[in-house]
Amino acid sequence: MSARGGPSGRLSRRRLFQAALVAGGAVTLGACAAPSTSGSAAAPRPVRVLIATNEPWGTYHAEPLLAEAQRRGWTLTQLVPDRSEIDADEAVPVAVAGAFPEADLLVVTGAGDWPADCLAQLPALPVVASSLAYLLPQEAPRAGEVRSRVGAATASSSAEAAAFRAHLGLPGEARVVGSAQTDDLPQRAAEPGTVLVLTSVTHEDETGAAAPGAQLLLDSARRLADAGRRIVVGLHPREDRELWSEYEISEVPSVQASAVAEVAIGIPGTVFPLVAAVGTPLVGCIDPALEIPDHLRDVCSAVIDDAGAAVAAVDTARPLAADALTAAVGPVGGSAQRLLDVWGDAVAGAGG
């Protein structure tokens, strides 16, 4: 699932990915065998983690974990099919199919084609499933391949955990660890009349799918602007910037930008609970063709399917109640530490 988009994992280039993996299979399997545990008195070495996401090039899911990994001296590397969607200044280390580095753990963020293909090429590694972006509560076609390897599972909140378990068909619980993006929440200081528009992905690309509703959101933004609201746009990392060029586009991440907004409006996605944690009221724009998990609807003060309702919904929007916030967001503060603790335990349990 994209960070604020629709379902992903059914990739048009799946065969190309698999061919690349098979071509590098002999090297990959040998390089990623489980580490030796001989010499128990030796000092523990930093953990080496590989990450495979439902959005193969979606490094923005791993980026919030880099600081905690660096603090521990760990190495996080995202597995990607190739470098075609990787910027030259990418902060997250990546490795391409056929050249996966030695590692102690594989983390998958779902049961899409790319994580499942990576699992098949790394049979010796322990596996943790960690939800880093929202997924629909429906068992994925390749969930059985992933489920059979998963030693532990995590999610940010109890609500997200339920959807993640359904996506993977997991019989056990997923440990609730919170979201690393709430570890350093901005102080709310709303500026009167400011509305943050949270976009999704208008056009499907190789990294993931698009979410219906862009026109509804564009029309809603226009109604709000005509009503005198200052519109600030928080772009999804894969959204088409040109669609929103007539408005002020935030130069800081959406969670940070939400601190100065009276209300946020957008297509519900992974960022919605994070914005709710800041204390900013949310209005959801929901196209009839868009499937949205209940826990993302539930963080909205209101949901609309008609741009004509946008102004009234924004005017009456209220912050999320405390009990609903806990269920949707999970524990706030120390989330990256909790998540990497689970990953470290998985390595230790496997003899790493």
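Here is what the cut-offs are and how they apply
Residues numbered from 1 in each chain as written. Predicted model: local features only at pLDDT ≥ 70, side-chain atom pairs only at ≥ 80, totals over all residues. Heavy atoms only, no water. pLDDT = per-residue confidence, 0-100. Contact = heavy atoms within 4.5 Å. Phe/Tyr/Trp six-rings, centres within 6.5 Å; stacked < 30°, edge-to-face > 60°. Buried < 20%, exposed > 50% of the residue type's maximum accessible area, 1.4 Å probe, protein only. Lys NZ or Arg CZ within 6 Å of the ring centre and 35° of its normal. Helix = DSSP H or I, 4+ residues; strand = E, 2+ residues; numbered from the N terminus. Polar contact = N/O pair within 3.5 Å; in protein donor to acceptor, adjacent residues only side chain to side chain. Core = buried A, V, L, I, M, F, W, Y, C linked by side-chain atoms within 4.5 Å. Pairing = 2+ DSSP bridges. Right-handed = clockwise from strand over helix to strand, strands pointing away. Salt bridge = Lys/Arg side-chain N within 4 Å of Asp/Glu carboxyl O.

(A) Molecular detail of the confidence of the model for the chain. Across the chain, pLDDT averages 84, with 82% of residues at or above 70. Between residues 1-43, whose pLDDT stays under 50, and residues either more than four places distant or in other chains, the model counts 116 contacts.

(B) Fine view of the packing of aromatic side chains. For the structure shown, the criterion picks out one aromatic pair. Between the aromatic rings of W244 and Y247, the centroid separation amounts to 6.2 Å while the plane-to-plane angle is 40°, which identifies the pairing as tilted. Note on W244: relative accessible area 1%, which makes it buried. Residue Y247 is classed as buried on the basis of its relative accessible area, which comes to 11%. Stacked on the ring of W74, the Lys or Arg R72 has its end atom at 5.2 Å from the ring centre.

(C) The side chain of S250, seen in detail. With respect to the element layout, S250 can be found in the loop between β10 (248-249) and α8 (254-257). There is a polar contact of 2.8 Å between the side chain of S250 and the backbone oxygen of V252. Beyond its immediate chain neighbours, meaning those up to four positions away, S250 contacts V232, V233 and A257.

(D) View of the nonpolar core. Counting 30 residues, the largest nonpolar core has L79, F100, L106, V108 and V146 as the members making the most contacts within it. Among the secondary structure elements, those contributing two or more residues to this core are β1 (48-52), β4 (105-108), α4 (113-121), β5 (127-130), α5 (143-147), β6 (150-155) and α6 (158-168). Aside from chain neighbours lying at most four places away, what touches V146 is V108, G110, A111, A116, L119 and L168. Formed by 28 residues, the second largest nonpolar core is a distinct cluster that contains Y134, V233, L235 and I267.

(E) Seen up close, the environment of R72. Residue placement: R72 occurs in helix α3 (residues 66-72). The partly exposed category is assigned to R72, whose relative accessible area is 23%. Along the sequence, R72 and V47 sit 25 residues apart, while their C-alpha atoms lie 8.6 Å from each other. Separated by 2.9 Å, the side chain of R72 and the backbone oxygen of Q337 make a polar contact. A polar contact of 2.8 Å, which involves the side chain of R72, links it to the side chain of D341.

(F) Summary view of helix α9 (residues 271-278). With respect to burial, α9 is a largely interior element, eight of its eight residues being buried. Those residues of α9 lying buried are V271, F272, P273, L274, V275, A276, A277 and V278. Lining the buried residues of α9 we find β8 (194-198), α8, β11 (263-266), β12 (282-285), α10 (294-297) and α12 (322-329). A positive phi of about 105° marks G279, the residue just after α9.

(G) Representation of the pairing of β6 in the model. With four bridges joining them, β5 and β6 adopt parallel strand pairing. Residue pairing in the sheet places V128 in a bridge with A152 of β6. Note: β6 against strand β7 (residues 175-176), two bridges, orientation parallel. Its bridge partner lying in β7, T154 is registered against R175. As for the winding sense of the linkage, the β-α-β connection from β6 through α6 to β7 is right-handed.

(H) Local environment of the environment of S179. Summarising the element assignment, S179 is placed in the loop between β7 and β8. Through-space distance from the C-alpha of S179 to that of L339 is 8.6 Å; in sequence the pair is 160 residues apart. Once you skip the residues sitting within four places of it in the chain, S179 turns out to touch S156, L274, P331 and S335.

(I) Expanded view of the pattern of salt bridges. All chains considered together, the criterion is met by 14 salt bridges. Across the pair R229 and D315 runs a salt bridge whose closest N-O atoms are separated by 2.2 Å. Residue R229 is found in the loop between α7 (214-226) and β9 (230-234), and its partner D315 is found in helix α11 (residues 310-315); the two are separated by 86 residues along the sequence. The class of D315 is partly exposed, set by a relative accessible area of 44%. Close ionic contact of R230 with E248 constitutes a salt bridge, the shortest N to O distance being 2.8 Å. On the criterion of sequence distance, the pair formed by R230 in strand β9 and E248 in strand β10 is long-range, its members being 18 residues apart. Look at E248 and you get partly exposed, because its relative accessible area is 39%. When salt bridges that share partners are traced, they join E68, R71, R72 and D341 into one network.

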